[in-house]
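# Understanding the architecture of this molecule
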Amino acid sequence: AKAEGRNRFHYFTPEMEAAAQRRRRMLNELREAIKLQQFEVYYQPIIDLSTGKIVKAEALLRWNHPKGQVPPLDFIPLAEETGLIVDIGNWVFAEVVRQVSVWKGYFDTDLQVGINTSPAQYLDENFCEPDWFGNIMGNGLASGLNPANLCIEITESLLMEAGSSITDKLLQFRDHGIEVALDDFGTGYSSLSYLKQFDIDYLKIDQSFVSNLSPASQDLVLCEAIIVMAHKLGIRVIAEGVETEEQRQLLTAIECDYCQGYLFGRPMPAKEFSDQWLIPSHL
Ligand code: C2E
Ligand code: CA
Ligand code: CA
Ligand code: CA
């Protein structure tokens, strides 16, 4: 950190000035995005490998900026740094609750939808409190949503920071009947002690392990070890980024529970998703 301090620039180059300006502009636009209804939730199917049927989906946020769609990785870090992720995250939650409740009225579905959460959301004292649940979930529960239709996705960085207030909030989610998935497993620190410490329902194997799966690969050995361990702990496993039939077959052979990836479907708007993946209940 000292070396960094010595080498730090004391003036802005034109490029840095331009980047700072872009960031300020994006931040201003991001602040307005909820009000202007520029956010949209896309849904990506998750398949049960033993039946081949869709049983879950992941909710993935999209920002429909007037100049074109901005990918989440281009704005979520900024939203996290500035605390805007609290409002955005609450919006996503409410929107998914609304959408799943509507689907349950029209389709024969008991789909579980995974919602990504950022550590910064857990620092908001309202998050997960009874009022928050009432506001976000009240209407949905009244119209047939089951808490088990929701799963929250957390990352290891959340568990690393875990003070008791974060652990409490995770417990509250589970007490409400909402399941918990540990996302991007295998990247980051992957301390196995988290699996012992926190009662999680799913592990999502990061796509970096899945993309190079082949019969003789080390990644196959790693995936199999993760799955065996998870199952012994009563945790089910979702493989992310499944793009090929060979990957699907290898994951089936090592008894992975669920798969998500372009092989089955890309994230898509709600209407397209329900047209393609849900069965109308009058049929
Ligand atoms: P993630 O939670 O790991 O989500 C999976 C990402 O992998 C998604 O990228 C998805 O489109 C992509 N993906 C799915 N299948 C495949 C595949 O077969 N191949 C490849 N190459 N990619 C695949 P996306 O939608 O761009 O989202 C990126 C990240 O942004 C997410 O990673 C998540 O960390 C974050 N994010 C998205 N929506 C939200 C949100 O509502 N709240 C928060 N806090 N973060 C979000
Ligand atoms: Ca995720
Ligand atoms: Ca992931
Ligand atoms: Ca469990």
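This text goes with the structure placed above it.
Here goes a summary of the coordinates provided. (Residues numbered from 1 in each chain as written. Chains lettered and ligands numbered in written order. Predicted model: local features only at pLDDT ≥ 70, side-chain atom pairs only at ≥ 80, totals over all residues. Heavy atoms only, no water.)

### Overview of the coordination of the calcium ion (ligand 3)
Rule in force here: Donor atoms (N, O, S) are those found within 2.8 Å of the metal centre, with the cutoff raised to 3.2 Å for Na, K and Ca; water is not part of the atom list, so apparent gaps in a site can occur. Comment: elements are numbered from the N terminus, with helices defined as DSSP H or I runs of at least four residues and strands as E runs of at least two.
The protein atoms that coordinate the calcium ion (ligand 3) are Asp183 (OD), Asp184 (OD), Glu240 (OE) and Glu240 (OE), at distances of 2.2 to 2.4 Å. Separating the calcium ion (ligand 3) from the calcium ion (ligand 2) is a gap of 4.0 Å, bridged by Asp183, which donates to each. Of the two residues, Asp184 is situated in strand β6 (residues 179-185) and Glu240 in the loop between β8 (236-239) and α12 (245-253); the sequence distance between them amounts to 56 residues.

### Let's talk about helix α8 (residues 164-175)
Spacing of three or four residues puts side chains on the same side of an α-helix, whose turn is 3.6 residues. Convention followed: The length a helix should cover is 1.5 Å for every residue beyond the first. To sort residues, take the accessible area from a 1.4 Å probe on protein chains only and compare it with the maximum for the residue type: under 20% means buried, over 50% means exposed, and anything in between is partly exposed. Think of the arc as the fan of directions from the helix axis to the C-beta atoms. Contacts are residue-level and defined by heavy atoms, with any inter-residue pair within 4.5 Å sufficient.
With 12 residues, α8 should cover 16 Å at 1.5 Å per step; its first-to-last C-alpha distance of 16 Å lies within 8% of that length. Burial in α8 covers these residues: Ile166, Lys169, Leu170 and Phe173. Buried residues of α8, viewed axially, fall in a sector of 100°; they line one side. With respect to the buried face of α8, the exposed residues turned more than 90 degrees away are Ser164 and Asp175. Tucked inside the fold, the buried residues of α8 contact α4 (85-106), α5 (119-122), α6 (130-142), β5 (150-154) and α7 (156-160).

### Here we look at the site of ligand 1
Rule in force here: Proximity criterion: a residue is near a molecule or strand once any of its heavy atoms comes within 4 Å of it. Two N or O atoms count as a polar contact when they lie within 3.5 Å, although within protein this holds only if one can serve as hydrogen donor and the other as acceptor, and sequence-adjacent residues are included solely when both atoms are side-chain atoms. Areas reported here follow the Shrake-Rupley algorithm with a probe of radius 1.4 Å; residue values treat only the protein chains shown as occluding. Points on a 1 Å grid, built from protein atoms alone, make a cavity when a 1.4 Å probe fits but cannot get out and make a pocket when they are open with protein on both sides within 12 Å along at least 5 of 7 lines; residues with an atom within 4 Å of a point are the lining residues. Any molecule with more than half of its atoms within 2 Å of a cavity's or pocket's grid points is regarded as sitting in that cavity or pocket. When residues are sorted by character, Ala, Val, Leu, Ile, Met, Phe, Trp, Tyr, Cys and Pro go into the nonpolar class, Asp, Glu, Lys and Arg into the charged class, and all the rest, Gly among them, into the polar class.
Taken together, the neighbourhood of ligand 1 is formed by 22 residues, with Gln44, Arg62, Ser118, Glu243 and Tyr262 sitting nearest. In the model, an oxygen atom of ligand 1 is placed 3.0 Å from a nitrogen or oxygen of the Asn116 side chain. Between a nitrogen atom of ligand 1 and a side-chain N or O atom of Glu243, the distance comes to 2.5 Å. Expressed as a share of its isolated accessible area of 800 Å², the protein-covered part of ligand 1 is 83%. Judged by its atoms lying within 2 Å of the grid points, ligand 1 is housed in the largest pocket. Secondary-structure elements contributing two or more residues to the shell around ligand 1 are β2 (54-65), α3 (72-82) and β6. By residue number, the principal contributor to the shell around ligand 1 is β2, which donates 4 residues. Taken together, the residues of the shell around ligand 1 sort by class into 9 nonpolar, 7 polar and 6 charged.

### Some points on the pattern of salt bridges
Convention followed: Note on definitions: salt bridges are taken to be side-chain nitrogens of Lys or Arg within 4 Å of carboxyl oxygens of Asp or Glu.
The tally for this structure, following the rule as stated, stands at 14 salt bridges. Between Lys35 and Glu32 there is a salt bridge; the shortest N-O distance is 3.5 Å. For the salt bridge of Glu179 with Arg236, the shortest nitrogen-to-oxygen distance reads 3.4 Å. Here Arg236 lies in strand β8 and Glu179 lies in strand β6, a separation of 57 residues in the sequence. You can call Arg236 partly exposed: its relative accessible area is 30%. Three or more residues joined by partner-sharing salt bridges are found here, namely Glu58, Glu153, Lys204 and Glu240.

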